[in-house]
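What follows is each chain in one-letter form.
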Amino acid sequence: MTTSPIETLTQQYGNLVPTGRLIDGKPRSILFDATKCIGCRHCVQACKDWNDHDRTSLYELSSTNWITMEPPVLEGLSPLWARNSCMHCNFAACAAVCPVEAITKYEEGPVVINKDVCIGCEYCIHACPWEVITKNDITGKASKCTMCSDRISEDKQPFCVQACPVSALDFGFSEEISDKAKKQAEAIGGYIYGEKEAGGGNVVYVLKEVKEKYGVRNIGAEKFPKHKIPLGLMLKDLFTPRCGIAGKLRALYLAIIHPKRLIYRYFS
Amino acid sequence: MMATANSDYANFFPKNRQTRLPGGYMGKILRIDMTTGKLTDLNLPEESLLRKYWGGQLFAEYVLLNELPLDIDPYDPANVIVGMTGPITGTGFTPGGTKMCFVYLSPATRHTLGRGATSGYFGTSLKAAGYDGIIVTGAAQSPKYLYVGEDKVELRDASRVWGKGIRDTEEMLRKESGHQDARIGCIGPAGEHLIRAAMLVNDYNHTAAHGLGAVMGSKKLKAFVAWGTKRPRVHDKNRLIDAGARWAKAISSRKTTVKKRLTSVGHGEDWGAITKLNWRSTIITDEAKGLDQNRVTLRPCFQCPRMCPWDVEIGEGRFKGKVGHFNAGSEWMDTFYNLGFKGNDVLYLSERINDLGIECSHFACGAGLAFEAWEKGVLGPDHTDGLKLEWGNLEAVETLLERCARRETWLGNILADGPKELAEELGGEAKNWVVHTKGGTPAQHEWRPLLSQMLRELVASGGMKPQGAGGAEPPADLRYREKWGPLDPNQPDGWTSSHCWFALNEKPPDGVQSMVDSLNATTGWDVSLDETIDVGHRAIILQSVFGTQRGWIAEHDWQDVGPRFLEPIPDGKYKGFTIAKWLPGLIYEYYRISGRHERTGRPYMDTLTRLGLEEFKEWSQLD
Ligand code: SF4
Ligand code: SF4
Ligand code: SF4
Ligand code: SF4
């Protein structure tokens, strides 16, 4: 496998994304087993319950809906279902492009947006290969699944996992989850999704049919894949008052102390 | 004349609330006058009244008693439908927080309380739209449906869906609402044609039976559509999560599995008896044949891990590829065993009866009687418009379902009225072959071997599906009480917190306490088990006051019953057993324990006083 320039860059200059620790530094993962999922959306509602989000809408990602179950039809009306939410990438493109370093990758797995720091530039929204970040219309901040980092900090499992009535969701230390996924994939003649995609992350799926049937994305194994932040958006942020003076100053300061991070953000 | 001239009721829905709105409630009730089209928002009662009448059924009963005139026919525009959710409906975090309960004057019995209770998602959506309940009065001139959204509330033209089955109606109205996740409760042709036991069906898999659909039809109200993004405030989320998890644990042994749906003949398997050939055989043979070829998906209600409802795609036989959507129980399976069917024919017919919106036991007992009468030569082809009423004749039953749902032909029309009416029409010996309770029908299961379930069916409001019942032991959490109170599983309607009674497991310790703790964490109250029992008791008493006002007496419970229901069991492992041996003593005992007169069924004054229901003293037993 050829090493990508970004990977070389990371190896040479350290990680492109801000990192942190929640409790013990041991990585954890969520497992979604599509062969068990019945499409009940208990996970979707549970996420809303835990995070005090609006009761609906259920069928598209939004700042009050961090997870969808695809396809967007009523429970019970599809034979196949797939989870659609943040994959908590090991090489989180969203975090790498954030000019104010509002997104942190925690050692335990979660990639979390700090909404107090976010300036609403939308880079992350365009950078995420899964397009699972949305913007809160009112606050203008970026928003997505946190992997329940608040619960993980208290050594509890994510709320969506707790709510699944058929154990299609599981949670545990990444090594164990990886083993479970492998065994289950073997048992059903399926395969694992999410361990290689974009360099892998802390959410893995077990799928049986081809990806297209679940509507999950075909994403290459490249770490920090080329992002799609429109040039116009970047220029606007650099040369207009958009995102505020404080935000610009923070971005400038971070550019000075982490200059290597600019390479992926602006020149890849 | 109004049922009670209660001056307190004038302020029951205050213009401005003075007290705290407990967690779990949205704070508003929607009143709809179908005659004028007027829609009014009412504030929920003050906190002390909410606590006194907490839950869906009890609250709704109290409103109905105060709003419903005496001496009207169920199809009079003056009949009132009161539909209420409860404080834990739609909060999430707990099992069973799914329920919505409708009450009205029953079209099946014409003199007792009708109650249609349903689960699924509709109640949650109503709350998401900002309402705890609905009161429907009057009748429209042309078909309408009610859209309740947080964006707007309006009565809309339903002519496009009038005449359509449940599935089509639900899909069309969802599309029309512009919200893919709008939730719909609607009636089918049976409700439109005033089949006395027509149902409301919601979210595909859920039914509110006992004539709600017929009352809606009489008001030209085709459907409710609810959508919104709101959620009730929760008093103490962490405590609720903990209580909900304990509750989930208590019911975990009752989780439904796909395997069960692929192999089981239904609920009757639990005690080994089903209803066959118009209640003339109970023995389970190969009724489940072919089910193992099906594709079954469990389709749980809102946030409930019990997972009762299910969808099927039939995998073999003449209906291969057909789909069906089913609720928690399995009365519809017994319905078609009762007419001589087995296997996937049963599931196919069950989907048909649901789409038409006929309550299954109503049809099971009516058609069962007709088939037996045919077998015995009492009913001939001159009365069936060419149908051969032979057991297991699929074409005949399918045609009869359609006719019944639209009151077509003599037989279809009388089946629409009910089994009691058919028995009277047939006369003679045939009067002894019928199963009914006060003109309604019991939930279609072979209850006759089960004493407590039989008692429950007999004393219920007449075909009104009673809630709960149980084994010989009190719930573990209630053993501290000296004797059975009104939460006795031998008594109906003791559970009113508007959780789903399928999501109850009273047997293990914490089964009941975890539910009450969920209520308290949601509302901020400190309700005890004793207070819970009082609330259940109130619901029972108000239900019987409702009947008393309209001519019901306790003796109807054992006298106005189809004789077949009290016959000794004809075969199988319970052969010869009958509750009749203990009647009427058992019923007398039940009324005594619940503080009512054993013959009239009227509550004693001290019962009313103890429960704070003095305002109904006019209907009490004075001696
Ligand atoms: S899936 Fe998207 S939002 Fe989630 S960590 Fe990866 S890049 Fe970021
Ligand atoms: S919107 Fe901009 S500032 Fe906010 S998290 Fe995304 S990249 Fe960072
Ligand atoms: S991990 Fe937490 S935040 Fe993410 S979808 Fe699940 S419940 Fe929601
Ligand atoms: S709760 Fe479980 S079964 Fe239901 S949709 Fe989510 S993952 Fe699938």
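One can find the structure itself at the top, above this paragraph.
What this report covers is the structure whose coordinates are included nearby. (Residues numbered from 1 in each chain as written. Chains lettered and ligands numbered in written order. Predicted model: local features only at pLDDT ≥ 70, side-chain atom pairs only at ≥ 80, totals over all residues. Heavy atoms only, no water.)

### Quick look at the overall build of chain B
Rule in force here: In this text, helices come from DSSP runs of H or I with a minimum length of four residues, and strands from runs of E with a minimum of two, each type numbered from the N-terminal end. The atom set for the radius of gyration is the C-alpha atoms, and the globule formula is 2.2 Å times the number of residues raised to the power 0.38. Buried means the residue's accessible area, taken with a 1.4 Å probe over protein chains only, is under 20% of the maximum for its type, while exposed means over 50%, and partly exposed covers the values in between. Contacts are residue-level and defined by heavy atoms, with any inter-residue pair within 4.5 Å sufficient. Note on areas: Shrake-Rupley, 1.4 Å probe, and residue coverage restricted to the protein chains presented here. His is not counted here, nor are the chain ends, while Lys and Arg score as positive and Asp and Glu score as negative. The atom standing in for a charge is NZ when the residue is Lys, CZ when it is Arg, CG when it is Asp and CD when it is Glu.
Looking only at helices and strands, chain B features 20 helices and 15 strands. Computed over C-alpha atoms, the radius of gyration of chain B comes to 23 Å, within 12% of the 25 Å expected from 2.2 N^0.38 for 623 residues, which places it in the range of a compact globule. Counting every position in chain B, which comprises 623 residues, the buried fraction comes to 68%. Considering only residue pairs separated by 6 or more positions, chain B has 71% of its internal contacts joining residues 24 or more positions apart. Accessible surface, chain B as shown: approximately 19,900 Å² in total, 50% of it carbon and sulfur. Charge centroids of chain B, computed over 75 positive and 78 negative side chains, lie 3 Å from each other.

### Let's talk about the overall build of chain A
Check the secondary structure of chain A and you find 11 helices and 11 strands. Seen along its three principal axes, the alpha-carbon backbone of chain A occupies a region of about 50 × 45 × 35 Å. Among the 268 residues that make up chain A, the fraction classed as buried is 56%. At a minimum sequence separation of 6, the contacts of chain A that also span at least 24 residues come to 64%. Counting only carbon and sulfur atoms, one obtains 56% of the accessible surface of chain A, whose full area is about 11,700 Å². Charge-centre separation for chain A: the mean point of 33 positive side chains lies 4 Å from the mean point of 30 negative side chains.

### Structural notes on the interface of chain B and chain A
How we decide: Buried area counts how much accessible surface, traced with a 1.4 Å probe, disappears from two parts once they are put together, with both parts' losses summed. Salt bridges are identified by distance alone: a Lys or Arg side-chain nitrogen within 4 Å of an Asp or Glu carboxyl oxygen. Throughout this description, a polar contact denotes any pair of N or O atoms lying within 3.5 Å of each other; where both atoms belong to protein, one of them has to be capable of donating a hydrogen while the other can accept it, and for residues adjacent in sequence the pair is counted only when both atoms sit in side chains. Under the grouping applied here, Gly and all other residues not named as nonpolar or charged are polar, the nonpolar ones being Ala, Val, Leu, Ile, Met, Phe, Trp, Tyr, Cys and Pro and the charged ones Asp, Glu, Lys and Arg.
Contacts between the two partners involve 36 residues from chain B, matched on the other side by 28 residues from chain A. Here chain B meets chain A over a buried area of about 2,400 Å², counting both sides, of which 52% is carbon and sulfur. Three residues, Asp181(B), Arg231(B) and Gln303(B), lead the burial of chain B against chain A; their summed loss comes to 24% of the area buried on that side. Summed over the shared surface of chain B and chain A, the number is three salt bridges. For the salt bridge of Arg231(B) with Asp49(A), the shortest nitrogen-to-oxygen distance reads 2.8 Å. Counting the contacts that link chain B with chain A gives 17 residue pairs in polar contact (both at pLDDT 80 or more). The set of elements that each furnish at least two residues to the side of chain B that touches chain A consists of α3 (122-128), α4 (166-177), α7 (237-250) and β13 (295-298) of chain B. Among the residues forming the side of chain B that touches chain A, the class breakdown is 13 nonpolar, 11 polar and 12 charged.

### Some words on the sheet that holds strand β6 (residues 111-113) of chain A
Residue and element names in this part refer to chain A. Under the convention used in this document: Here, any two strands with at least 2 DSSP bridges between them count as paired.
The strand order across the open sheet built from three strands is β1-β5-β6, with neighbouring strands paired in mixed fashion. A single partner strand is all that each edge strand has here, and the edge strands are β1 (19-20) and β6. As paired elements, strand β5 (residues 103-106) and β6 share three bridges and run antiparallel to each other. Looking at the pairing, Thr104 lines up with Val112 of β6.

### Things to note about the site of ligand 2
The line we're drawing: Proximity is defined per residue: any heavy atom of the residue falling within 4 Å of a molecule or strand makes that residue near it.
Taken together, the neighbourhood of ligand 2 is formed by 13 residues, with Cys98(A), Cys118(A), Cys121(A), Glu122(A) and Cys124(A) sitting nearest. Residue classes in the shell around ligand 2 are distributed as 11 nonpolar, one polar and one charged.

### Section: the site of ligand 1
Around ligand 1, the surrounding shell holds 13 residues, and the nearest of these are Cys86(A), Met87(A), Cys89(A), Cys94(A) and Cys128(A). Looking at the shell around ligand 1 residue by residue, the classes come out as 11 nonpolar, one polar and one charged.

### A look at unusual backbone geometry
The step from Glu70(A) to Pro71(A) runs through a cis peptide bond, and the omega angle for that step is 5°. Here Pro71(A) is to be found in the loop between β3 (68-70) and β4 (82-84). Cis rather than trans, the peptide bond between Leu583(B) and Pro584(B) has omega equal to 0°. Among the structural elements, Pro584(B) can be located in the loop between α18 (556-559) and α19 (585-593). Even without being glycine, Glu131(A) reaches a positive phi, approximately 50°. Position of Glu131(A) relative to the elements: it lies in the loop between α4 (123-127) and β7 (134-135). Take Glu131(A): its relative accessible area is 44%, and that puts it in the partly exposed class.

### Describing the side chain of Arg151(A)
Residue and element names in this part refer to chain A. Mapped onto the elements of the fold, Arg151 is located in helix α5 (residues 149-152). Asp150 is the oppositely charged side chain nearest to the buried, salt-bridge-free Arg151, at an N-O distance of 6.2 Å. If sequence neighbours within four positions are ignored, Arg151 has contacts with Trp50, Lys156, Gln157, Pro158, Phe159 and Gln162.

### Quick word on the sheet that holds strand β9 (residues 169-173) of chain A
Residue and element names in this part refer to chain A. Test applied: Note on geometry: axes are C-alpha line fits, over the in-contact stretch for helices, and angles between N-to-C directions span 0 to 180 degrees.
Strand order across the open sheet formed by four strands is β9-β2-β11-β10, with mixed pairing between neighbours. With one partner strand each, in any of the chains shown, β9 and β10 (191-193) form the two edges of the open sheet. Put simply, the sheet's adjacent strands are angled 25° from each other on average, direction ignored. Here strand β2 (residues 28-33) runs beside strand β11 (residues 203-207); their pairing, made up of four bridges, is parallel. Paired with Phe32 across the bridge in β11 is Tyr205.

### Quick notes on the pairing of strand β6 (residues 133-137) of chain B
Residue and element names in this part refer to chain B. Counting buried positions over the five residues of β6 gives five, a clear majority of the element. Because side chains alternate across β6, one face comprises the buried residues Gly133, Ile135 and Thr137, and the other comprises Ile134 and Val136, equally buried. Sheet topology places strand β1 (residues 28-33) next to β6; five bridges connect them, and they run parallel. Along β6, the bridge assignment pairs Ile29 with Gly133. When strand β3 (residues 81-85) meets β6, the two strands line up antiparallel, connected through four bridges. When the bridges of β6 are listed, Ile81 appears paired with Val136.

### Quick notes on the pattern of salt bridges
Counted under the stated rule, the structure contains 55 salt bridges over all chains. Between Arg261(A) and Glu101(A) there is a salt bridge whose closest N-O contact spans 2.7 Å. Of this pair, Arg261(A) sits in helix α11 (residues 261-267) while Glu101(A) sits in the loop between α3 (93-97) and β5, placing them 160 residues apart in sequence. In terms of burial, Arg261(A) and Glu101(A) fall into one category: buried. One continuous salt-bridge network, built from bridges that share partners, spans Arg280(B), Glu372(B), Glu375(B), Lys376(B), Arg564(B) and Glu567(B).

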